[in-house]
Amino acid sequence: MTSGEFKALLKDDKRASGTAILWLDGYYSGRAGLTGLPAGWLRTVSQGIGGTCAISVNERRTVLDVIGQLHKEYAGRN
């Protein structure tokens, strides 16, 4: 899923976009072997994805790439 696709989903269905964030972060965490996350992580990842995907230059960037960046910058992990 690209940031542009996520941005469109966010406009159409907030519940589905929340589910997509949870699923994609869980998928990333599982693939990276991460078993625990810091307190408040859901808010951090949600705001990070929303803010990054809102910037038009990131439209083709994948949400998984954004999640990876957030893990590196804020969770201190892969």
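So, here is what we can say about the structure in this document. (Residues numbered from 1 in each chain as written. Predicted model: local features only at pLDDT ≥ 70, side-chain atom pairs only at ≥ 80, totals over all residues. Heavy atoms only, no water.)

### Some remarks on the packing of helix H2 (residues 14-32) against helix H3 (residues 41-54)
Part 1 of the argument: Orientation of H2 relative to H3, taken along the N-to-C sense of each, is 110°, at an axis distance of 11 Å. Taken together, the axis directions place H2 and H3 in an arrangement best described as roughly perpendicular. Two secondary-structure elements touch here, H2 through Ile21, Leu22 and Asp25 and H3 through Trp41, Leu42, Val45, Ser46 and Ile49. (Axes fitted to C-alpha atoms, helices over the stretch in contact; angles between N-to-C directions. Helix = DSSP H or I, 4+ residues; strand = E, 2+ residues; numbered from the N terminus. Parallel < 35°, antiparallel > 145°, perpendicular 65-115°, else oblique. Contact = heavy atoms within 4.5 Å.)

### What about the nonpolar core?
Part 1 of the argument: Membership of the largest hydrophobic core comes to 14 residues, with the highest contact counts inside it found for Phe6, Val45, Ile49, Val63, Ile67 and Leu70.
Part 2 of the argument: Elements with a contribution of two residues or more to this core: H2, H3 and helix H4 (63-75).
Part 3 of the argument: The greatest single-element share of this core, amounting to 5 residues, is contributed by H4.
Part 4 of the argument: Ignoring any residue separated from it by four or fewer positions in sequence, one finds Ile67 in contact with Leu24, Asp25, Tyr28, Val45 and Ile49. (Core = buried A, V, L, I, M, F, W, Y, C linked by side-chain atoms within 4.5 Å. Buried < 20%, exposed > 50% of the residue type's maximum accessible area, 1.4 Å probe, protein only.)

### Points about the packing of H2 against H4
Packed helices, taken two at a time, are described by the angle between their axes plus the distance between the axes.
Part 1 of the argument: It is the contact of H2 with H4, at a shortest axis distance of 10 Å, that shows an interaxial angle of 65°. Crossing of H2 over H4 shows right-handed handedness. Seen from H2, the contacting residues are Leu24, Asp25, Tyr27, Tyr28 and Ser29; seen from H4, they are Val63, Leu64, Ile67, Gly68 and His71.
Part 2 of the argument: Partitioned by chemical class, the residues of the contact of H2 with H4 number 6 nonpolar, 3 polar and 1 charged. (Left-handed = near helix turned anticlockwise from the far one by under 90°. Nonpolar A, V, L, I, M, F, W, Y, C, P; charged D, E, K, R; others polar.)

### Section: the environment of Ile49
Part 1 of the argument: Mapped onto the elements, Ile49 comes out in helix H3.
Part 2 of the argument: Residues Ile49 and Gln69, spaced 20 residues apart in sequence, show a C-alpha to C-alpha distance of 9.9 Å.
Part 3 of the argument: The residues touching Ile49, leaving out its near neighbours within four places in the chain, are Phe6, Ile21, Val63, Val66, Ile67 and Leu70.

### Examining the side chain of Thr52
Part 1 of the argument: With respect to the element layout, Thr52 can be found in helix H3.
Part 2 of the argument: Apart from the residues lying within four places of it in its own chain, the contact partners of Thr52 are Asn58, Arg61 and Val66.

### Considering a nonpolar patch on the surface
Part 1 of the argument: Taken together, the side chains of Trp23, Tyr27 and Leu64 present a nonpolar region at the surface, about 320 Å² in accessible area.
Part 2 of the argument: Topologically, Trp23 is positioned in helix H2. (Patch = residues over 30% accessible without salt bridge, like charges linked within 9 Å, V, L, I, M, F, W, Y side chains within 5 Å. Areas by Shrake-Rupley, 256 points an atom, 1.4 Å probe, with all protein chains shown as cover. Salt bridge = Lys/Arg side-chain N within 4 Å of Asp/Glu carboxyl O.)

### Focus on the side chain of Asn58
Part 1 of the argument: Tracing the chain through its elements places Asn58 in the loop between H3 and H4.
Part 2 of the argument: On the basis of relative accessibility, which here comes to 14%, the residue Asn58 falls in the buried class.
Part 3 of the argument: At a separation of 2.9 Å, a polar atom in the side chain of Asn58 contacts the main-chain carbonyl oxygen of Thr52.
Part 4 of the argument: Those residues in contact with Asn58, other than ones at most four positions away along the chain, are Ser3 and Thr52. (Polar contact = N/O pair within 3.5 Å; in protein donor to acceptor, adjacent residues only side chain to side chain.)

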